[in-house]
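# Structural description and commentary
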Amino acid sequence: MIRQAKGKTPRRPPPKKTSNNQKDPVGVYCRVRPLGADDEECCIEVISNTTIQLHAPDGLKANRNGEYKETQYSFKKVFGIKTTQKELFEDVAKPLVEDLIHCKNGLLFTYGVTGSGKTHTMTGSPGQGGLLPRSLDMIFNSIGPYQAKRYVFKPDDKNGMEVQNQVDALLDRQKRDSQSAVPKTPNTRRIDPEFADMISPEDACRADGVDEDSSYSVFVSYIEIYNNYIYDLLEETPFDPIKPKWNGAGTPLRNNTEFIPPQSKILREDQNHNMYVAGCTEVEVKSTEEAFEVFWRGQKKRRIANTQLNRESSRSHSVFIVKLAQAPLDADGDNVLQDKNQVNVSQLCLVDLAGSERTSRTRAEGSRLREAGNINQSLMTLRTCIEVLRENQMCGTNKMVPYRDSKVTHLFKNYFDGEGKVRMVVCVNPKADDYEETLLVMRFAEMTQEVEVARPVDRPICGYTAGRRQRNQAFKDELTRRLEERGGPVDGEFPTVLNQLLQSFPPLPPCEVSGPNDDVTLPRLIEALEKRHRVRQMMIEEYNKTANMLKSVLQEQDSNILSKENFIHEQRGKLGEKDKMIQNQKNEIDRLEKKSKMLEYKIDILQKTTNIYEEDKRSLQHELESREQRLQREMSEKRRMESRMQGIVTDAKLKWEKECERRVNAKQLEMQNKLWVKDEKLKQLKAIVTEGKTENRQPQRPSREKDKVPPKRSASPSPVPTGPAVRPLHRRSHSAGGERWVDHTPSTNVDLDTVLQPNIPNAIKVNAPNEKALSKCDKYVLTHQEVASDGEIQTKLIKGEVFRTRGGGQAVQFTDIETLKQENPVVASSRKRRSSESGPDGEPMEGDWTDVETRCSVALEMRAGSNLGPGYQHHGYTKRRKP
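Values in this document were obtained by computation on a predicted structure and should not be read as measured data. (Residues numbered from 1 in each chain as written. Predicted model: local features only at pLDDT ≥ 70, side-chain atom pairs only at ≥ 80, totals over all residues. Heavy atoms only, no water.)

### Description of the overall build of the protein
Stated formally: Secondary structure counts use DSSP, requiring at least four H or I residues in a row for a helix and at least two E residues in a row for a strand, with both numbered from the N terminus. Between buried and exposed lies partly exposed: a residue is buried under 20% and exposed over 50% of the maximum accessible area for its type, with that area taken using a 1.4 Å probe on protein chains only. Contacts are assigned to residue pairs that have any heavy atoms within 4.5 Å of one another. Accessible surface area values rest on a Shrake-Rupley calculation with a 1.4 Å probe, where residue burial reflects the displayed protein chains alone.
For the protein, the helix and strand inventory stands at 18 helices and 28 strands. Going through the 883 residues of the protein one by one, you find that 32% of them count as buried. Contacts in the protein between residues at least 24 apart in sequence constitute 69% of all its contacts with a sequence separation of at least 6. When the accessible surface of the protein is split by element, carbon and sulfur atoms take 52% of a total near 59,000 Å².

Structure, rendered in C-alpha cells:
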C-alpha cells in the first residue's frame, strides 16, 4: 500500500511555563527480596536503612583472581526482606498520589533483573496488594464523594478533556446502559478472585486537602511496549464477518474466534508538547473494583498474546496510566463549570520495566534473541539518557538527550524535563547467580539519583468563592426541611430593617372622620404628618451628615490605603531585589554544588585510577626486583667470562706479537739481502762503465788477478774530497740584540718545568697580539707547542719583524724558528742502537739516523720574506755530510 506524503503541520509555539528553579533529585529506592532457599549463597547485605553492601561470590573471586571487592551503594531508602507492602507504599507511592490529586504528574517505575520482585512490588498478590492497587484505592477513597457523573468528562483524543453538558452526558449513559454486554452498575460486577481482598479495610488511606469545590473523574489506560512497539491492552477488536483476520504468522485465521494480535500504536505530541499514545483506549472508572477489573482484563489479554506469540512477559515493559480530570463547580455549586480551559488533567504512570539481564542468560535463539536484544537496547537507551542528563547538569553542557532512540524514553521525556516527579524502585535478588547483573543495576541506580528534575509548579484553579458545594448543600437541606415543615414556600416575610425603620416614626392618630363638622381628626393627622416630615428631614440631615462623615473617613482611608500601597510597592521592589539576590546566591550555590559533585566524582575516579596504578606499581616493582636479581647474576657471569676471555686474549696477543716480530725480522733480513744484491749489481755495472771509459783514454796493461784490490761495498758512491771540510757555524739568534720584543704566549700552553726556558728581556708579554703592543715594538715572537713524532712536546719560537704599513697599521713578517725539544733518554738510546745497525756491506742503511751529528745535518733556515704555515712556508735543505 502506497501512502501519499502529507505536508507537515506547522509546529505550535510552546506554552509559557512558569519558571521554577527549584529542583529535586530523582528518588531512588531499593527493595531486597528474600532468598528462594535458605541454603543459597547471598551476595547482598543491608547495612542501614539507606545503604547496602555487595559481596562477590566465592566462585567469582576464584575465577577473577580476587578482583571484585566489597562495594557499598546508598539510596534514599532501603527496604529489607521484612518490609510490608503498606510500608513501601507509604514511603514511595503515597506522595505521588497526593500530587496527582493536587494537579501534579508523577512517574513511578520498577527496575531490576528478572525474578527480583518487580511485578510483586507493582501488582502484589491477594492479601498483599502492591503499589498499583493501593494507589487506586487511595484515589477513590479521597475523591469518592466529589466524583462527577459518568461521561461528564470526555477525552478529546488529543491528550485533553472536554466537559459535556448534562443532556449529552445523560444520552451517553443511556447508550451505555442499553448495551447488554456492559453491566449497569459497578457493584454487580464479578471481581476476579486473584484480585479479591487485595487491600484490607484497615490499610485504606486517603489524601488530605482535597478541593471540595471541584468535580473529579478517573480514566485508566494500559499499554505494553514490546520489541520497541506500543500495544494497547484495553483495545476491543471489533467482529467483522466479511474481512478475514490474520494471525501473527501472516496466515488467515480459520475462524474469527481465534486470537487476533493487537495493532501497534504511535506516539504524538499534544499542544502542550507532552507525549501521548495516539488512539489509546481510556476507560472511565468510578470505583477501585472497576479499575481492578479493567487492569485484570489487560493482564489477561497480555498473557494470551504472550502465549499465542510465544514470548516471555518479562521481556516487555508494561505501563498503567491513571488520569485524573478535575474542574471547578459553577457559582451555584451544583454543576461542573462548562469551560475547557478550567479543566486540569494530571496523570500517574506506573511502569513495570523488563528484566535487565544479559541476552546470554536468557538462552534465547533466533528471533527471541533479537527481541531480547531490542529490550536490552531500550534499557541501554534509558541509561544513556540518564547519563547525558547527569552530565548536562553537573558539567553545564547542553548535549542533546537521545529520547527518541526508544519508545520508553520518548514517552516519558516530559517527566525528566520538569513535568512531574520521578521515582524509581530498584528490586534486587540477593542470590549469587545474579551478582554481575545486580552490580550493573546498582551502578545505574547510583547514577540516576544524581539527576535532578525541576519541581512541578502548582496549577491554579480559577473558580468562584470557596465553599460553594457546602453552601449549596446546606441551602438544599434547609429548603427541603422548610418545605417538609410548611408544605410550601415561605410567604409574607418582610425585611427586619424596614420594620425597624417604620417603627422609628411617630405613630399616626386614628383617621376615622365622625362627620363633616369634625375639625379634630384632620388637624391631628396633619400635625402627626408634619411631625413625621420633621423627623424625616432630621433623619435626612443626619443621614447626609453621616454620609459626609463616612465619605471623609473613606477618603482618609483611601489616602491611607494609597500610601500603604505605595509603601507596599516600594517594599515589594526591595523584596524583588532581595529575591534576585537570593536567587543569584542560590544559583551560585547550585553551581558550586554541581562543581563540588563533579570534583568529588573526579576525585573518586582519580582515587580508583591511583589504586590501579599502585597495584601496577607494586607488580612492576616486584618484576623489577626479580629482573635486577637476574641481571646481577648475569653481570657476575659476564665478569667471570670477561676475565676468562681477557686471559685468553692476552695469551693470544703475546703469541701473535712474537710471531709478528719474527716475521718482520725475517722480512727485513730478506729485504736487506735483496738490497745488497741490487747494490752489487749496480757496482758491477758502474765498474764496467768506468773500465770502458778508461780503455778509451789510455790502454794499460792488464793487471794480474792477484794485484786487483777488491772494491769496497757501499750503498752509494763516495764523494771525492776537494779540501778540508769546514763546519758551518750556527747563525747567532737575533734575540741577543737590544730590540724591544712582543712575547706572544697563548694561555693554552703547558708549563713543562724544563731547565731551559725561553727568556726574552725587555719584552711585552701578551696572550693575544694587539695593535697597541705591536706599535711599541719592532720584533715579534710566538711561543708555540706541538706534539712531536715520538710523543714528546716540543716548543717552537717563531720570530718575525714588525713594520708599519701604508695604512698606518702594523704587520709581522716571520723570519726564523727556534725549537726547544725534550727527549726521554731510554727512548733515545734505543733509537740510537737501532740506527747503528748497518746494511749488508757494513755501512748504515739509507734513511736511518746514525748519530747526533748525522741527525743535526738537516737544518731549517728561514729566509727573509718566506711564509710558514697558513701565513708562512718553511724551506729546508740537507747539508753536505762531512767526508
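### Quick notes on the nonpolar core
Rules: Only buried residues count toward a nonpolar core, which is a set of Ala, Val, Leu, Ile, Met, Phe, Trp, Tyr and Cys residues joined through side-chain atoms within 4.5 Å.
Judged by nonpolar contacts, the single largest core of 55 residues is most densely connected at Ile52, Phe75, Phe412 and Met442. Considering every element that reaches this core, the biggest residue donor is helix α12 (residues 435-448), with seven residues. The contact partners of Phe412, leaving out residues within four places of it in the chain, are Leu107, Val319, Cys349 and Val351. Counting residues in hydrophobic clusters, the runner-up holds 44 residues, among them Leu136, Val210, Tyr222 and Leu324.

### Details of a nonpolar patch on the surface
What counts is decided by this rule: Each patch is built from salt-bridge-free residues with over 30% relative accessible area, joining like charges within 9 Å and nonpolar side chains (Val, Leu, Ile, Met, Phe, Trp, Tyr) within 5 Å. The term salt bridge refers to a pairing of a side-chain nitrogen on Lys or Arg with a carboxyl oxygen on Asp or Glu at a separation within 4 Å.
Together, Met549, Leu550, Val553 and Leu554 make up a nonpolar patch on the protein surface, roughly 370 Å² of accessible area in all. Note on placement: Val553 falls in helix α15 (residues 521-697).

### Some points on the sheet that holds strand β25 (residues 793-804)
The condition is simple: Strands were regarded as paired on the criterion that DSSP finds at least two bridges between them. Axis angles are defined between N-to-C directions and span 0 to 180 degrees, where every axis is a line fitted to C-alpha atoms and, for a helix, only to the segment in contact.
Reading across the sheet, the five strands line up as β23-β22-β24-β25-β26 and stay open at both edges, with mixed pairing between neighbours. Each having just a single partner strand, β23 (763-766) and β26 (810-821) make up the two edges of the open sheet. Going across the sheet, the axis of each strand differs from the next one's by a mean of 25 degrees, ignoring polarity. By the bridge criterion, four bridges tie strand β22 (residues 741-744) to strand β24 (residues 779-787) in an arrangement that is parallel. Counterpart to Asp743 in the pairing with β24 is Val781.

### Side note on the sheet that holds strand β5 (residues 71-74)
Note on sheets: strands pair through backbone hydrogen bonds, and any given pair is parallel or antiparallel. What the three strands build is an open sheet, ordered β3-β4-β5; its pairing is antiparallel. Both outer strands of the open sheet, β3 (44-46) and β5, are each paired with one neighbouring strand and no more. Between one strand axis and the next, the sheet turns by 25 degrees as a mean value, whatever way the strands run. Two strands pair when backbone bridges link them, and β3 and strand β4 (residues 51-54) are joined in this way by three bridges, in the antiparallel orientation. Bridging across to β4, Ile44 finds its partner in Leu54.

### What about the packing of helix α5 (residues 131-143) against helix α7 (residues 288-308)?
In plain terms, the rule: What makes a crossing left-handed is the near helix being turned counterclockwise from the far one by less than a right angle; a clockwise turn instead makes it right-handed. Each residue is assigned to one of three groups, with Ala, Val, Leu, Ile, Met, Phe, Trp, Tyr, Cys and Pro labelled nonpolar, Asp, Glu, Lys and Arg labelled charged, and all others, Gly among them, labelled polar.
It is the contact of α5 with α7, at a shortest axis distance of 9 Å, that shows an interaxial angle of 145 degrees. α7 is crossed by α5, and the crossing has right-handed handedness. Listed contacts from α7 to Leu132, Pro133, Leu136, Asp137 and Phe140 of α5 are Thr288, Ala291, Phe292 and Phe295. Of the residues in the contact of α5 with α7, the class split is seven nonpolar, one polar and one charged.

### Observations concerning the pairing of strand β20 (residues 420-428)
With eight of its nine residues buried, β20 lies for the most part within the structure. Bridge count between strand β2 (residues 27-32) and β20: six bridges; the pairing is parallel. Within β20, the residue paired with Tyr29 across the bridge is Val425. Relative to β20, strand β7 (residues 105-112) runs parallel, the two being bridged by eight bridges. If you follow Asn105 over to β20, its bridge partner there is Gly420.

### Some remarks on the packing of helix α2 (residues 85-92) against helix α3 (residues 94-101)
Any two packed helices are characterised by how steeply their axes cross, that is the angle between the axes, and by the distance between the axes. Applied cut-off: Working rule for angles: under 35 degrees goes down as roughly parallel, over 145 as roughly antiparallel, 65 to 115 as roughly perpendicular, anything else as oblique.
Contact geometry for α2 and α3: axes closest at 4 Å, N-to-C directions at 50 degrees. It follows from the interaxial angle that α2 and α3 lie oblique. Listed contacts from α3 to Phe89, Glu90, Asp91 and Val92 of α2 are Lys94, Pro95 and Leu96. Here the contact of α2 with α3 is composed, by residue class, of four nonpolar, no polar and three charged.

### With respect to α3
Residues of α3 that are buried include every one of Leu96, Val97, Asp99, Leu100 and Ile101, and no others. Along its buried surface, α3 packs onto α2, β7, α5, β18 (317-328), β19 (344-352) and β20.

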